[in-house]
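Commentary on secondary and tertiary structure
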Number of protein chains: 2
Amino acid sequence: MATVADIGLSATINLLSALAFLVAFAVLRLQPINDRVYFSKWYLKGIRSSPTHAGAFVQKFVNLNPRSYLRFLEWVPAALKMPEPELIDHAGLDSAVFLRIYLIGLKIFVPIALVAFSVLVPVNWTNSTLKDSKLEYSEIDKLSISNIPNGSQRFWTHLVMVYTFTFWTCYVLRKEYGIIASMRLHFLASVKRRPDQFTVLVRNVPPDPDESVSELVEHFFLVNHRDHYLTHQVVYNANTLAKVVAKKKNMQNWRDFYQLKYDRNPSKRPTCKTGFLGLYGEKVDGIDFYTSKIDKLSQEEAEERQKIAKNPKFIMPAAFVSFRTRWGAAVCAQTQQTRNPTLWLTEWAPEPRDVYWKNLAIPFVSITIRRLIVAVAFFFLTFFFMIPITFVQSLANIEGIEKAAPFLKPLIEIRFIKSFIQGFLPGIALKIFLILLPAILMLMSKFEGLSSLSALQRRSAAKYYLFLLVNVFLGSIIAGTAFQQLDSFIHQSANDIPKTIGATIPQKATFFITYIMVDGWAGIAGEILRLKPLIIFHLKNFFLVKTDKDREEAMDPGSIEFSTSEPQIQLYFLLGLVYAAVTPFLLPFILIFFGLAYVVFRHQIINVYNQEYESAAAFWPDVHGRIISALVISQLLLLGLLSTKSAAELTPFLIALPILTLWFHRYCKNRYESAFVKYPLQEAMMKDTLEHAKEPNLDLRAYLSNAYLHPVFKDEDDDDSVSSDEDKDFDKILVPTKRQSRRNTPIPSKYDGSSSPSLHDVVEEKL
Amino acid sequence: MATVADIGLSATINLLSALAFLVAFAVLRLQPINDRVYFSKWYLKGIRSSPTHAGAFVQKFVNLNPRSYLRFLEWVPAALKMPEPELIDHAGLDSAVFLRIYLIGLKIFVPIALVAFSVLVPVNWTNSTLKDSKLEYSEIDKLSISNIPNGSQRFWTHLVMVYTFTFWTCYVLRKEYGIIASMRLHFLASVKRRPDQFTVLVRNVPPDPDESVSELVEHFFLVNHRDHYLTHQVVYNANTLAKVVAKKKNMQNWRDFYQLKYDRNPSKRPTCKTGFLGLYGEKVDGIDFYTSKIDKLSQEEAEERQKIAKNPKFIMPAAFVSFRTRWGAAVCAQTQQTRNPTLWLTEWAPEPRDVYWKNLAIPFVSITIRRLIVAVAFFFLTFFFMIPITFVQSLANIEGIEKAAPFLKPLIEIRFIKSFIQGFLPGIALKIFLILLPAILMLMSKFEGLSSLSALQRRSAAKYYLFLLVNVFLGSIIAGTAFQQLDSFIHQSANDIPKTIGATIPQKATFFITYIMVDGWAGIAGEILRLKPLIIFHLKNFFLVKTDKDREEAMDPGSIEFSTSEPQIQLYFLLGLVYAAVTPFLLPFILIFFGLAYVVFRHQIINVYNQEYESAAAFWPDVHGRIISALVISQLLLLGLLSTKSAAELTPFLIALPILTLWFHRYCKNRYESAFVKYPLQEAMMKDTLEHAKEPNLDLRAYLSNAYLHPVFKDEDDDDSVSSDEDKDFDKILVPTKRQSRRNTPIPSKYDGSSSPSLHDVVEEKL
């Protein structure tokens, strides 16, 4: 049993190591050579283009100004200083709302911790149950509910506290939900014109023997959304083409590199080797070699483009349909189009950069089956993942290696290496699995057929949370694998399950405190140091960076991985809520985690991360729902715990609590969720009217014509900058609209080439 | 233990009594005097206006033609003869689909019974477990699963059979869901113009200090549905007025009666007594008395109308908003209007006669709370209803009555009366409760704030089904009250519950067979006889009918009470599915029930019932869902039963079954449910275009202007005929539309009396 002193020591060590990380960060970030790692966002924004400290050559790499080292924590106020509206403007709503998750943690747990320490700790402390009992106990346990004798009337305090905590949490949640819903609506209302505001993704267009998909879509919407339909873009299966283009781009980079080399030193034609990574093989002229390769790929690309343009097999039964007004798009996205609800499925189009192109062709029926398959697979993954790992572990022993690769035997038999392998091998399979887990979950989500990156991230996050809940939270409380738990639970009475778990809760407090420090604190400190990107950047910079473009790419600012970060935060919410009434001593550790994480992530979001897409905080209902579920779990576990403490008269009050909480959840769902799912017509109409008044002559068709083109069909050059200055490009393009009298001719004659400029035209133009 | 002979005898008795009922019905229906009871639908349709047999005076009351008695079952083929499309035309889609519930019972259980008897019965029969055991058993048990020894490989047969039954049931359900969805869509597409196709019910209009509700609604929809909004009608709280009008109508009836009497016998002014029901009190001149009363009520009515017209307090924050096109209404009903999803709630308007006016003013927030309250109340009603009944029973004993009313003592002390009371009293409280139960459940549903009669019926049906499931099905299987069951289940392992119930299932087969015969067969036979309406009609006819209108009202054809009939049918589905694999001997009894009920209800729907409203089979998702739930319950119970039979190797296969079934349910929900919830835009557009081509000059505003008027504001005379020939009336009215240029003036100047003819105008016109 860990004593307070043990915990204190551990906390000190962890705090010191976190501090060491922070100091290391403070030092590293001041070096100009690391500038691109720690300020990537500013580079991407174009505000910073080279390290700020000009001067001698050495100063280009190392900061020699001693005064700047004294203020090594100056980034903290700097990170906190930027006001939220500016932050939203700078990094997007997703990031700003993501930070609010940490803030909500502070909002919930600071008052709870204060109340718990001023009420529960004295109530628990002034007993002598543990002293009188012959059990081993620590000082921490004296602060916990374990110190209250069975059947004591003092449990009423805990009951009142749980009600208070629940009430407070719900109050904060409700308020936050309201704020974020209005932030989202405000964001959607105030952002400048975006193609997704006018566009709806139509999936599962039924096959028609007489018409192509494009014609079918056009006719359907001209008939059924007569006054609102503007244009559409069919979706092409351009996965092969995308591969070829990427390869070609790589080759072009190499050619540019050799060309540069030759330009600098025209006396000698640069040479390269044809083998893998240029490490071996025949020596050839670099520029000629890559030029010929590019020519070959260009030819391949042209063929592929030809195929896509000519062969209807490459047209997917899906399309992005754009409307004249936001109102028209809002109507189409929210309504059912035909009798058969599995055909002509409409949903809001995701932002162009948020689209996950590969999944657009999956038919509706297969999606149901895919979901079933993934649900079953996920169930087995969660409860039985230890089986294959144990199997791999049993294979990966010294004898096995020696048998498989006899030539390694002399090496392995060296004592040091042998002991290293023996100590290392058993854990490695599990470690590799845990590192791969988010990727596996993401693959599962992709298999389910979701069509936007943001939805994929949300789905993966849900899975990861369940995995953590079962294998980290429950797995730590109850010994044995998840499968063994499942087995024992099945053979247990339904209401014995919270009892079994609840009774073990107080004993595990010290374990979870250590967990918070090691996983939480250290994780955050590691986050700010960005050790991996730092090393990779310098390695790339040293070995691979040939052109400026390469350096830009080597920067790799990354983005918040919602699918892994959010479930981890949720674990701390769960721990905090479960232990609030049981062992309040755990709360300060959680508070430190939330506070530290808030500052660090705010800094990272301002200076480093560059979000791939903007979903306008579409993930909030998930966050809210998971905090509610943590609340309900904590209530059930307390119910179980108290029922082992002979406090039966409390049971009815405790049973009412989860019911009320779930009802609160339903209330919030009714009240706020629609802001994240639907787009109110009033908002759409307001924005339409305003825009119409401001820009009566706006050529919306030109603006939208290329917005939802597969990235591979856009100019290769602006491939990367699609995200930021898309609309600027579009404003310039003025595609002549051939058919202007459409408003009065609802059903046009057969598709005869005079149609709106569809992807066909665009593709053919490029050929 | 009932033997086959016992069951056979019981079946014979029940069949004979059912036959006696049928004969009685055959005789009674041929008497001209009963014509209005057994052919009310035809009277209401206006096809029949007096008994068909003209002739002597006696023949007006009694049918003397002996040949007609010989064909006493001729109504059966007659009932079956009418083809379904004609039936839909004659009685509406609701009734036709309601009949399909019985038909689906036959479709599911005829093949299941055949397979079960040809496979399961031999498999069960050719064992000797029961013979070898020393337990008491009947021949029926030898046909059941009880006869298979523990751990036998023969259980695989049952497994295969359960899979077959499940597959078949799902197949039938899926097909039927598809058929009914397309019937519904076809019905909605082919019915003639109805006001609800153009109208949306808007609830929770926010209060505005500057504008009245009517102005607010008009402005809001003129802005946000600019091209589609046509007109609207605010909802008035006219409950008091409705009462006054009803009273006045009654008085008018009396005056007409006395006037008629006077006209026939002008020599004597008719007199009446002023007391209760005219039984005592001062004798006065009948015509004068009622004329003065009517005058007083007219004045009261005028005052009330004045109040409603002038006082904005009587205007509810709700309105029926009508659109130019079905497309516009479909869009408005399916979309969210404003940021706050609890304001400006839009939903399809129910048919005018389906509206439940009283509930239209309940604010959204209170609805959530009301639902919570009702859920809790319903939980207590289901599990604890025996407590107050036991309490009443303990009060209502002979001694209690003697104490409360000593003067009754000599009467009660008579032996016969005493024993009657003693035998009668204990049960009477329960009986009264069970008779009142549907009304109580309906009251609960009304309290929840649903705004249409059809929704109320559906909600009540769901509650009644749960009540029957807990108290009839589970209550019969497990001894003890529902509360005791709940208590024992809470203290039991979660997966012991199906075991406990499952193990008892085979023993209860004979009980349920008797139940089916007594409750099902006899109930159906009683249904066709219509004994209660028959007696009441003749009583009214004899004592109360004064005018022809009174006779019309005395007829009271009634309608299918979906809220009570459907849950009862569902109980038979549950019994059939549970016993299909356990005791197939029960199936024929269910088949007889479904067959008999189908014929009888078809006859009643054709000849008697007159539906209050038409919801276009909106109840089907509920029916489907409940059959699915019966399927899952049967699978879980079989799982429990087999786990007591040491057939553990079957468990994984049996666990997969409910999961697959639930997945099937989800699939069906995705595929078909939207047909019952949404209205596809394509359909709306098609119908709009067609209508526009056919009647380009249709004055829709006139057609819709009075459609959603509170019935009390319509002409008193056509109060009853609102249902059938509403639109004929509206076609005649041609209200001059004052504002025709609205299309081009989206936001009109302030409401200044020149607005569309709203209820205000109508109300004022009547004053």
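As recorded by an unreviewed UniProt entry, chain A carries the name Calcium permeable stress-gated cation channel 1-like isoform X1 and is attributed to Canna indica. Per UniProt, the comment on chain A under Sequence similarities (unreviewed entry) is "Belongs to the CSC1 (TC 1.A.17) family." The Subcellular location (unreviewed entry) comment attached to chain A in UniProt states, word for word, "Membrane".

**Observations regarding the overall build of chain A**
Counting its secondary structure elements, chain A contains 33 helices and six strands. When each of the 767 residues of chain A is scored for burial, the buried share is 37%. Once local pairs closer than 6 in sequence are excluded, the contacts in chain A between residues at least 24 apart make up 80%.

**Some details on the packing of helix 6 (residues 84–91) of chain A against helix 7 (residues 93–125) of chain A**
Residues and elements named next belong to chain A. The contact between helix 6 and helix 7 brings their axes to 6 Å, and the two run at 130°. Classified by the angle their axes make, helix 6 and helix 7 are oblique. Residue-level contacts link Glu84, Leu87, Ile88 and Ala91 of helix 6 to Leu93, Ser95 and Ala96 of helix 7. Its residues assigned to classes, the contact of helix 6 with helix 7 comprises five nonpolar, one polar and one charged.

**Describing the interface of chain B and chain A**
The interface of chain B with chain A comprises 34 residues on the first partner and 34 residues on the second. Every element with two or more residues in the side of chain B that touches chain A is listed here: helix 12 (213–224), helix 15 (326–334), helix 16 (364–384), helix 30 (651–677) and helix 31 (681–694) of chain B. Top element by residues in the side of chain B that touches chain A is helix 30 of chain B. It accounts for six residues. A breakdown of the residues in the side of chain B that touches chain A according to their chemical character gives 14 nonpolar, 15 polar and five charged.

**Digging into the sheet that holds strand 2 (residues 229–236) of chain A**
Residues and elements named next belong to chain A. Taken in spatial order, the four strands of this open sheet run 2-5-1-6, and their pairing is antiparallel. Edge positions in the sheet fall to strand 2 and strand 6 (345–348), since each of these pairs with one other strand and no more. Mean inter-strand twist for the sheet, computed between neighbouring axes without regard to direction, equals 30°. Inspection of the sheet shows strand 1 (residues 199–203) paired to strand 5 (residues 315–323) by five bridges, in the antiparallel sense. From the neighbouring strand, Thr199 faces strand 5, where its bridge partner is Ser322. Where helix 11 (residues 213–224) meets the sheet, its contacts fall on strand 1, strand 2 and strand 5, and the angle it forms with strand 2 comes to roughly 155°.

**Quick word on the relation of the copies chain B and chain A**
With an RMSD of 0.0 Å, the fit of chain B onto chain A corresponds to turning through 180° and sliding 0.0 Å along the axis. When the rotation and shift are considered jointly, the pair of chain copies conforms to a two-fold rotation axis. In this assembly the copies share their binding face: 100% of the residues contributing to the interface of chain B also contribute to that of chain A.

**A look at helix 26 (residues 562–580) of chain A**
Its 19 residues give helix 26 of chain A an end-to-end C-alpha distance of 26 Å, which sits within 8% of 27 Å, the value for a rise of 1.5 Å per residue. Burial runs high along helix 26 of chain A: 16 of the 19 residues are buried.

**Here we look at helix 30 (residues 681–694) of chain A**
Residues that lie three or four places apart on an α-helix share one face, since the helix turns once every 3.6 residues. Along its 14 residues, helix 30 of chain A runs 20 Å from first to last C-alpha, staying within 8% of the 20 Å computed at 1.5 Å per residue. Buried within helix 30 of chain A we find Leu681(A), Gln682(A), Glu683(A) and Ala684(A). Its buried side turned inward, helix 30 of chain A meets helix 10 (155–190) and helix 14 (326–334) of chain A together with helix 12 of chain B.

**Things to note about the nonpolar core**
Residues and elements named next belong to chain A. Counting 121 residues, the largest nonpolar core has Leu575, Leu586 and Ile590 as its most contacted members. For this core, the element with the most residues is helix 7, which contributes 15 residues. Leave out the neighbours within four places in its chain, and Leu586 touches Ala509, Phe512, Ile513, Leu575 and Tyr579.

**Some details on the UniProt feature "transmembrane region" (unreviewed entry) in chain A**
Residue and element names in this part refer to chain A. Feature annotation in UniProt assigns "transmembrane region" (unreviewed entry) to the following positions: residues 12–30, 101–125, 372–396, 416–443, 464–483 and 571–601. This span, residues 12–30, is 100% helix and 0% strand, and a straight line between its end C-alpha atoms measures 27 Å. Along residues 571–601 the backbone is 81% helical and 0% strand, and the end-to-end C-alpha distance reaches 17 Å.

**Describing the sheet that holds strand 5 (residues 315–323) of chain B**
Where strands meet in a sheet, backbone hydrogen bonds hold them as pairs that are either parallel or antiparallel. Residues and elements named next belong to chain B. Here we have four strands laid out as an open sheet, ordered 2-5-1-6, and antiparallel in their pairing. With one partner strand each, in any of the chains shown, strand 2 (229–236) and strand 6 (345–348) form the two edges of the open sheet. Between one strand axis and the next, the sheet turns through 30° on average, direction left out of account. For strand 1 (residues 199–203) and strand 5, the ladder comprises four bridges, and the chain directions are antiparallel.

**Some words on unusual backbone geometry**
Phi is positive for Trp344(A), close to 50°, though the residue is something other than glycine. Here Trp344(A) is to be found in the loop between helix 14 and strand 6. One non-glycine residue, Asn204(B), lies in positive phi territory at about 60°. Its place among the elements puts Asn204(B) in the loop between strand 1 and helix 12. Overall, the presence of 18 C-beta atoms within 10 Å leaves Asn204(B) in the partly exposed class.

**What about the environment of Ala78(A)?**
Among the secondary structure elements, Ala78(A) is positioned in helix 5 (residues 75–81). Spatially, the C-alpha atoms of Ala78(A) and Arg602(A) are 9.7 Å apart, while their sequence positions differ by 524 residues.

**As for the environment of Leu9(B)**
Checked against the element boundaries, Leu9(B) lands in helix 1 (residues 4–30). Along the chain, Leu9(B) and Leu436(B) lie 427 residues apart, while their C-alpha atoms are 33 Å from each other.

**Notes on the pairing of strand 1 of chain B**
Residues and elements named next belong to chain B. Among the five residues of strand 1, five are classified as buried, and the element is accordingly described as predominantly covered. Because side chains alternate across strand 1, one face comprises the buried residues Thr199, Leu201 and Arg203, and the other comprises Val200 and Val202, equally buried. Both strand 1 and strand 6 contribute to a ladder of four bridges, which runs antiparallel. When the bridges of strand 6 are listed, Val200 appears paired with Trp348.

**Digging into the environment of Glu649(B)**
Residues and elements named next belong to chain B. Secondary-structure assignment places Glu649 in the loop between helix 29 (620–643) and helix 30. For Glu649, a count of 12 C-beta atoms within 10 Å gives the class exposed. The spatial distance from the C-alpha of Glu649 to the C-alpha of Ile315 is 67 Å, given a sequence separation of 334 residues.

**Digging into the pairing of strand 2 of chain B**
All names here are of chain B. Along strand 2, eight of the eight residues are buried, which leaves the element largely enclosed by surrounding structure. With six bridges connecting them, strand 2 and strand 5 associate as antiparallel partners. Pairing of Gln233 across the sheet is with Phe320, part of strand 5.

**Some words on the confidence of the model for chain A**
As a note on interpretation, predicted positions should not be read in detail where pLDDT is low. Residues and elements named next belong to chain A. Looking at chain A as a whole, its pLDDT mean stands at 78, while 80% of the residues score no less than 70. Taken together, the stretch residues 716–767 has pLDDT below 50 and engages in 63 contacts with residues farther than four places along the chain or on a different chain. The complex prediction reports pTM at 0.78, with the ipTM value standing at 0.74.

Thresholds applied
- Residues numbered from 1 in each chain as written.
- Chains lettered and ligands numbered in written order.
- Predicted model: local features only at pLDDT ≥ 70, side-chain atom pairs only at ≥ 80, totals over all residues.
- UniProt positions renumbered as here; feature names shortened; annotations may be inferred.
- Helix = DSSP H or I, 4+ residues; strand = E, 2+ residues; numbered from the N terminus.
- Buried ≥ 20, exposed ≤ 12 C-beta atoms within 10 Å, placed from the backbone.
- Contact = placed C-beta atoms within 7 Å.
- Axes fitted to C-alpha atoms, helices over the stretch in contact; angles between N-to-C directions.
- Parallel < 35°, antiparallel > 145°, perpendicular 65-115°, else oblique.
- Nonpolar A, V, L, I, M, F, W, Y, C, P; charged D, E, K, R; others polar.
- Pairing = 2+ DSSP bridges.
- Least-squares fit on C-alpha atoms with pLDDT ≥ 70 in both.
- Expected span 1.5 Å × (residues − 1).
- Core = buried A, V, L, I, M, F, W, Y, C linked by C-beta atoms within 7 Å.
- pLDDT = per-residue confidence, 0-100.

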